[in-house]
Amino acid sequence: MSTYRERAHRQTARASVLRAIASRERSSHLSAPRVPTVGIDIGGTKVMAGVVDADGAILERVRTETPEKSKSPKVVEDTIAELVLDLSDRHDVHAVGIGAAGWVDAQRSTVLFAPHLAWRNEPLRDALAARLAVPIMVDNDANTAAWGEWRFGAGRGADHLVMITLGTGIGGGILETGKVKRGAYGVAGEFGHMQVVPAGHRCPCGNRGCWEQYSSGNALVREARELAAADSPVAHHILERVQGQIGDITGPLITELAREGDPMCVELLQDIGRWLGVGIANLAAALDPARFVVGGGVSDADELLIGPAREAFRRQLTGRGYRPEATIVRAALGADAGMVGAADLARLVARRFRRANRRRAERAQSPAFELRLTPRGRAGER
Ligand SMILES: [Zn+2]
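In this text the structure is predicted, and so the values were computed from the model without any measurement.

Cut-offs and rules
Residues numbered from 1 in each chain as written. Predicted model: local features only at pLDDT ≥ 70, side-chain atom pairs only at ≥ 80, totals over all residues. Helix = DSSP H or I, 4+ residues; strand = E, 2+ residues; numbered from the N terminus. Buried ≥ 20, exposed ≤ 12 C-beta atoms within 10 Å, placed from the backbone. Contact = placed C-beta atoms within 7 Å. Pairing = 2+ DSSP bridges. Axes fitted to C-alpha atoms, helices over the stretch in contact; angles between N-to-C directions. Parallel < 35°, antiparallel > 145°, perpendicular 65-115°, else oblique. Nonpolar A, V, L, I, M, F, W, Y, C, P; charged D, E, K, R; others polar. Core = buried A, V, L, I, M, F, W, Y, C linked by C-beta atoms within 7 Å. Domains from an automatic or database assignment.

Peer 1: So what's going on with the overall build of the chain? Residues and values would help.
Peer 2: Counting its regular elements, the chain contains 11 helices and 13 strands. Within the chain, the fraction of its 382 residues that count as buried is 41%. Considering only intrachain contacts with a sequence separation of at least 6, the fraction spanning at least 24 residues in the chain is 67%.

Structural data, given as structure tokens:
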């Protein structure tokens, strides 16, 4: 049993670590070393890694498939290490930032849970730090996307910002005074599971009526397939396009047909957009940001989605007419936001003048001295 004093001491130490991270982040992007870093975005289907410079430009990118959920956490770590080592063959890498589709603890070292991976309380940062001789930063992918958009994309200049990513579900990130708000335990911003319809559609999370059951890529595809399965006259055009294969109806196809003016697809995007606006009004009531940035695959529909969202937001916003209204804009960095943001957050922990240090070390040591990223045993050796 730990004494009260020990517990209090630990809590104080932890609080001061969190404060240090927060204050470093708030202002230090201005003073972070202008060195290239690697950003990694680990999603449900693919892992994307890129070398990103201090202005957010991607110097090189590589990608691979996300290992099966059934594979051990080590397989995912091998994948990450291989991508970093590959990039470091051609670039001087000063730090690695990882945006993972999962819950990351407030210390940004442990992935508590990842729906698409085998990670359960996985100490990802330390596992990778043991293999790659550079500082590692781990964060939730929506947080890194919010940071990327704030620094280099549609969020520039808005220090109070909420990022909403509409993919298969809804991801969320909150920035306040230019700082990522992670909550006490690191899992703030899980907007997708706010209940908007009591006893509504069942959600894989176990509840009913979650926001992402009404405003996401999955919701869009579900509604289109339902209409197609009912052989509704409004679905005849899309059924023709997929030659009757209802399973072939996808979000990108619905967006494409909506752009061509297909009335059913336009309406489905309007519905998704209206639900988006309703949820955004709720978030405005709670968080009062200046700007909402909407990203993720569904945001490719642009005004077909965001137009209806703005209308619903204005109708729903509490205190409308007596408060400045937040703007709702489409994300600018597309699918790169999470990767670019992860790389930029990693820059805050990058070692300065690593190259100079290495040269000095190389001169001091034998010619064979090698301080580059070294794997401690390649895949399969451990
Ligand atoms: Zn849910």
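Peer 1: An account of the sheet that holds strand β2 (residues 46-52) is needed here, citing residue identities and associated values.
Peer 2: Strand order in the open sheet formed by five strands is β3-β2-β1-β4-β8, with mixed pairing between adjacent strands. Both edges of this open sheet fall to β3 (58-65) and β8 (136-140), since each of them pairs with a single strand only. Strand-to-strand twist of the sheet, defined as the mean angle between neighbouring strand axes without regard to direction, takes the value 15°. With six bridges joining them, strand β1 (residues 37-42) and β2 adopt antiparallel strand pairing. Residue Gly-39 lies in a different strand from β2, and its bridge partner there is Gly-50. Most of the contacts of helix α10 (residues 337-347) go to β1, to which it runs at about 135°, and overall it touches β1, β2, β3, β4 (96-100) and β8.

Peer 1: Run through the packing of helix α4 (residues 141-152) against α10, naming residues and quoting values.
Peer 2: At a minimum axis separation of 7 Å, α4 and α10 run at an interaxial angle of 80°. By the angle class used here, α4 and α10 are roughly perpendicular. For the pair formed by α4 and α10, the contact residues are Asp-141, Thr-144, Ala-145, Ala-146, Trp-147, Gly-148, Glu-149, Arg-151 and Phe-152 on the first element and Ala-337, Gly-338, Val-340, Gly-341, Ala-342, Asp-344 and Leu-345 on the second. Classifying every residue of the contact of α4 with α10 gives eight nonpolar, four polar and four charged.

Peer 1: Report on the nonpolar core, specifying residues and quantitative values.
Peer 2: In this structure, Val-38, Ile-40, Val-84, Val-96, Ala-146, Ile-272 and Ala-346 are the most contacted members of the largest nonpolar core, which totals 97 residues. With 10 residues, helix α8 (residues 263-287) is the largest single contributor of residues to this core. Residue-level mapping places this core at the junction of two domains, with at least three residues from each of domain 1 (33-148 + 337-364) and domain 2 (158-331). Residues within four places of Val-38 in sequence aside, it is in contact with Ala-49, Gly-50, Val-51, Val-84, Leu-87, Val-93, Val-96 and Ala-343.

Peer 1: I'd like to hear about the sheet that holds strand β7 (residues 120-122), residue by residue, with values.
Peer 2: Pairing is antiparallel across the open sheet formed by three strands, whose spatial order is β5-β6-β7. Two strands close off the open sheet at either side, each with one partner strand: β5 (103-104) and β7. Where strand β6 (residues 111-113) and β7 come together, two bridges link them in antiparallel fashion. The residue bridging Val-111 from the neighbouring strand is Glu-122, located in β7.

Spatial relationships are all this shows, so hold off on functional conclusions.
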